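Breakdown of the fold
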Amino acid sequence: LARLSVSSEITAECGKQVTLNCNVSSSRNGLSVIRMEWSQNKTTLCSVDSEGNITTHHRHTLSDFHCEYKHGQLSLIFQKAQPLGSGNSKRYMCKLQSNQGALHGYTRVELQG
């Protein structure tokens, strides 16, 4: 079956680049990703479709970020980690829709400095 793996917590230094990885794997052959996305507080930051095309939704956020996708890994990369108002901890969700079911996982980013 499909598996989703994310780091449960990442510590980021203010002003430094931080990368959140979301990996999908399967114990069965024939896994096909329909859609993967990173979101924060129910707002989609970026998504990838079954063709591997990435859509980035910059309008929702002040952060400078981009996403990369290869071999079943969707990476959310912030150029400069920065506090976004509500405390120094943010939770991001990676969501997968596949032909073997839907999964999601959370990564919490703690800001230092």
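Summarised in this report is the structure supplied together with it. All residue numbers here refer to positions counted from 1 along the written sequence of the relevant chain. Only residues with pLDDT of at least 70 are given local features in this predicted model, and only at 80 or more are side-chain atom pairs given and counted; all residues enter the totals for whole chains, interfaces and linings. Side-chain descriptors were evaluated using all non-hydrogen atoms of the structure, hydrogens and water having been removed beforehand.

**A look at the pairing of strand E8 (residues 73-78)**
Rule in force here: Burial classes: relative accessible area under 20% of the type maximum marks a residue as buried, over 50% as exposed, and values in between as partly exposed (1.4 Å probe, protein chains only). Strands here mean DSSP runs of E at least two residues long; helices mean DSSP runs of H or I at least four residues long; both are numbered from the N terminus. Should DSSP find at least two bridges between two strands, the strands are regarded as paired.
E8 sits mainly inside the fold: five of its six residues count as buried. As judged from the six bridges shared by strand E3 (residues 18-26) and E8, these two strands associate in the antiparallel manner. Its bridge partner being in E8, Asn21 is matched across the sheet by Ser75. Of the pairings in the sheet, the one linking strand E7 (residues 65-70) to E8 comprises six bridges and is antiparallel in character. Each bridged residue has a counterpart across the sheet, and for Tyr69 the counterpart in E8 is Leu74. Remark: two residues form the turn of the hairpin made by E7 and E8, two consecutive strands paired antiparallel; His71 in that turn has positive phi of roughly 50°.

**Focus: the pattern of salt bridges**
Selection criterion: When a carboxyl oxygen of Asp or Glu lies within 4 Å of a side-chain nitrogen of Lys or Arg, that pair is called a salt bridge.
Enumeration over the complete set of coordinates arrives at three salt bridges. Residue Arg35 is joined to Glu37 by a salt bridge in which the shortest nitrogen-to-oxygen separation is 2.6 Å. Residue Arg35 is classed as partly exposed on the basis of its relative accessible area, which comes to 30%. Of the residues examined, Glu37 reaches a relative accessible area of 6% and is grouped as buried. In this structure, Lys95 and Glu37 form a salt bridge, with 3.8 Å as the shortest nitrogen-oxygen distance. Of this pair, Lys95 sits in strand E9 (residues 89-98) while Glu37 is found in strand E4 (residues 33-40), placing the two residues 58 residues apart along the sequence. Each of Arg35, Glu37 and Lys95 takes part in one network of salt bridges that share partners.

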